[in-house]
Amino acid sequence: MGDFLLGALALMLVIEGLLPFLSPGTWREVFERAIRMSDGQIRFLGLSSMLVGLLLLAVFWR
């Protein structure tokens, strides 16, 4: 189980690093927009991301 979680973390880091590597200007604009968001908007995005992730795990875990 630990190997699986470490692999998932590694894959997440690779995916998260793609945008700043391929298009740093776009990444900067996205980051600046995120800074201007309210706490509620950021929480909603975090919750949405977690729910989509859980849904994908439920669908593909079988």
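Coordinates for the structure precede this section.
Values in this document were obtained by computation on a predicted structure and should not be read as measured data. (Residues numbered from 1 in each chain as written. Predicted model: local features only at pLDDT ≥ 70, side-chain atom pairs only at ≥ 80, totals over all residues. Heavy atoms only, no water.)

> So what exactly am I meant to see when it comes to the overall build of the protein here?
Scanning the protein from terminus to terminus reveals three helices and zero strands. For the protein, the N- to C-terminal ordering of α and β elements is α-α-α. Against the 2.2 N^0.38 benchmark of 11 Å for 62 residues, the protein shows a C-alpha radius of gyration of 15 Å, more extended than a compact globule. When each of the 62 residues of the protein is scored for burial, the buried share is 0%. Per element, the accessible surface of the protein, about 5,800 Å² overall, is 73% carbon and sulfur. Within the protein, one finds 5 positive and 5 negative side-chain charges whose respective centroids are separated by 7 Å. (Helix = DSSP H or I, 4+ residues; strand = E, 2+ residues; numbered from the N terminus. Rg over C-alpha atoms; globule rule 2.2 N^0.38 Å. Buried < 20%, exposed > 50% of the residue type's maximum accessible area, 1.4 Å probe, protein only. Areas by Shrake-Rupley, 256 points an atom, 1.4 Å probe, with all protein chains shown as cover. Lys, Arg positive; Asp, Glu negative; His and termini not counted. Charge placed at Lys NZ, Arg CZ, Asp CG, Glu CD.)

> I would appreciate a short explanation of the packing of aromatic side chains in the present structure.
Within the structure shown, the criterion is met by two aromatic pairs. Ring centres 5.3 Å apart and planes at 15° place the aromatic pair W27 and F31 in the stacked group. Of this pair, W27 and F31 both sit in helix α2 (residues 24-35), separated by four residues, roughly a single helical turn. A residue is classified by how much of its surface remains accessible, and W27, at 38% relative accessible area, is partly exposed. (Phe/Tyr/Trp six-rings, centres within 6.5 Å; stacked < 30°, edge-to-face > 60°.)

> Whenever I open this one, the environment of L45 confuses me. Can you help?
Its place among the elements puts L45 in helix α3 (residues 39-60). For L45, a relative accessible area of 46% puts it in the partly exposed group. Spatially, the C-alpha atom of L45 lies 27 Å from that of G2, the residues being 43 residues apart in sequence.

> Help me understand a nonpolar patch on the surface, please; the structure alone is not making it clear to me.
Among the surface-exposed residues, M1, F4, L5, L47, M50, L51, L54, L57 and W61 lie close enough to one another that they form a single nonpolar patch of about 1,000 Å² accessible area. Mapped onto the nonpolar patch, the elements with two or more residues apiece are α1 (2-22) and α3. It is α3 that provides the largest number of residues to the nonpolar patch, a total of five residues. With respect to the helices, strands and loops of the structure, L57 is situated in helix α3. Owing to a relative accessible area of 45%, L57 belongs among the partly exposed residues under this scheme. (Patch = residues over 30% accessible without salt bridge, like charges linked within 9 Å, V, L, I, M, F, W, Y side chains within 5 Å. Salt bridge = Lys/Arg side-chain N within 4 Å of Asp/Glu carboxyl O.)

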